[in-house]
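Residues per chain are reported as follows:
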Amino acid sequence: MAKQKTEISIIIPCFNESRTILETIKKLNQIFSKSQNSYEIIVINDASTDGTQDQLDKLNDLRVRIISNRFQLGYGASIKIGIKNSRFEWIGICDADGTYPVDRFPDLLKYANDFDMVVGERTGKVRSIPFFRRPAKWFLNRFASYLVKRKIKDVNSGMRLFRKEIAGYYWNLFPDGFSFTTTMTLAFIMGNHRIKNLSIDYMKRKGRSKIRPFRDTYNFILLILRLAMLFNPLRVFMPAFFIVFFMTFISLGRDIHNLNLTDTTVMLFIFSIIILMIGLLADLINKKSTESWGR
Ligand SMILES: Nc1nc2c(ncn2[C@@H]2O[C@H](COP(=O)(O)OP(=O)(O)OP(=O)(O)O)[C@@H](O)[C@H]2O)c(=O)[nH]1
Ligand SMILES: [Mg+2]
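Residues numbered from 1 in each chain as written. Chains lettered and ligands numbered in written order. Predicted model: local features only at pLDDT ≥ 70, side-chain atom pairs only at ≥ 80, totals over all residues.

Caption draft 1: The site of ligand 1, seen in detail. Taken together, 20 residues sit near ligand 1, with Asp46, Ser78, Asp95, Ser209 and Lys210 positioned nearest. Along the lines of polarity and charge, the residues of the shell around ligand 1 split into seven nonpolar, seven polar and six charged. (Near = placed C-beta within 6 Å. Nonpolar A, V, L, I, M, F, W, Y, C, P; charged D, E, K, R; others polar.)

As structure tokens, this is what we get:
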């Protein structure tokens with residue numbers, strides 16, 4: 001691995017993190033000012049209402065740029081604004097809540113020359129993922145791995161580096177909400193870009209979580225459906241087709257035994273064909289609209 005100088009724009013999406021935002025910026029400055037890399041820090045304050053802006057106004061630092069959204073646009077939308085306003089070839093992202101070990105950025109950067117994305121996988125000492133969110137997290141990682149046929153341990157880590165140019169290929173896929181990181185991971189895998197994963201710890205957050213169980217459960221289900229349609233529809237539609245077709249077969253067997261063709265059998269058959277047709281159509285649209293994959 002050659003030693004290199006990597007110029008990097010660090011983007012911090014931030015909503016109501018008045019307790020931790022300045023500390024996060026200070027730590028990043030300490031770490032990056034020691035290294036040889038040119039860098040800038042871009043904070044996107046997403047219309048916070050807890051005095052985050054007052055904290056940011058105290059800063060007088062040329063290395064830090066602050067962009068204040070007039071309305072709350074979301075986590076992904078804020079990162080996209082950050083990327084558009086960035087100067088450097090490499091983008092780093094991390095949260096503002098003090099959960100990610102930002103002192104590991106130099107370790108991630110060591111791989112920048114040889115990879116297109118370097119992800120901090122939360123597989124070290126993980127102290128802060130609440131118990132009731134773990135099943136969803138587990139399922140998301142498994143489902144994402146299934147879609148792209150590759151084992152992914154932490155599909156939505158919020159601490160990572162990536163090449164801006166490659167993110168640009170997939171710009172229109174990126175959502176405005178929290179699923180930004182999940183979508184980015186899958187897009188880079190589908191596009192056969194080089195990804196390095198490094199194990200990192202994950203600390204307990206200070207301040208209040210922005211996760212809202214009900215709205216986010218809805219978003220989670222939507223995300224699962226969208227990921228399937230976006231990245232590999234046949235991985236979901238074909239098994240569904242086979243299951244319903246198998247049920248048709250069982251039902252038909254029973255009908256033959258009773259010498260009576262039931263509505264259930266006919267309905268199941270039609271249903272299976274519809275699933276197959278939609279699956280094939282989704283696959284076709286997918287192949288057409290993602291021609292840039294595999295560059
Ligand atoms: N721009 C923007 N950033 C947000 C929004 N909601 C949360 N964030 C930021 O995104 C990062 C991650 O949000 P968190 O609430 O910490 O979500 P999480 O890390 O998945 O979960 P916990 O840390 O356990 O609460 C933090 O830096 C937040 O300030 C939002 O609506 N807009
Ligand atoms: Mg957090």
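Anyway, onward from the coordinates.
Caption draft 2: Spatial organisation of the domain arrangement of the protein. For the protein, the assigned domains read domain 1 (8-231) and domain 2 (234-289). For domain 1 and domain 2, the distance between their C-alpha centroids amounts to 40 Å. (Domains from an automatic or database assignment.)

Caption draft 3: Focus on the environment of aspartate 116. Considering the arrangement of structural elements, one finds aspartate 116 in the loop between helix H4 (105-109) and strand E5 (117-121). Aspartate 116 sits in the partly exposed class, given 19 other C-beta atoms within 10 Å. Put simply, aspartate 116 and histidine 193 are 77 residues apart on the chain and 6.1 Å apart in space, counted from C-alpha to C-alpha. Those residues in contact with aspartate 116, other than ones at most four positions away along the chain, are Phe162, Arg163, Ile166, Phe188, His193, Arg194 and Ile195. (Helix = DSSP H or I, 4+ residues; strand = E, 2+ residues; numbered from the N terminus. Buried ≥ 20, exposed ≤ 12 C-beta atoms within 10 Å, placed from the backbone. Contact = placed C-beta atoms within 7 Å.)

Caption draft 4: Looking closely at the nonpolar core. Ranked by size, the top nonpolar core spans 54 residues in total, and within it Ile10, Ile11, Ile12, Val43, Leu161 and Leu186 carry the most contacts. Examining the composition of this core, we find that seven residues originate from one element, helix H7 (residues 180-190), more than from any other. If we ignore the near neighbours within four places in the chain, the residues touching valine 43 are Ile12, Cys14, Ile21, Ile25, Leu56, Val64 and Ile66. The next biggest cluster of nonpolar side chains, apart from the first, holds six residues, and it includes Val236, Phe237, Phe241 and Leu268. (Core = buried A, V, L, I, M, F, W, Y, C linked by C-beta atoms within 7 Å.)

Caption draft 5: Structural detail: the packing of H7 against helix H8 (residues 213-231). The geometry of H7 relative to H8 is characterised by a closest axis approach of 11 Å and an angle of 20 degrees between their N-to-C directions. With respect to each other, H7 and H8 are oriented roughly parallel. In this structure, H7 crosses over H8, and the sense of that crossing is right-handed. For the pair formed by H7 and H8, the contact residues are Thr182, Leu186 and Met190 on the first element and Leu223, Leu227 and Phe231 on the second. Partitioning the contact of H7 with H8 into residue classes produces five nonpolar, one polar and no charged. (Axes fitted to C-alpha atoms, helices over the stretch in contact; angles between N-to-C directions. Parallel < 35°, antiparallel > 145°, perpendicular 65-115°, else oblique. Left-handed = near helix turned anticlockwise from the far one by under 90°.)

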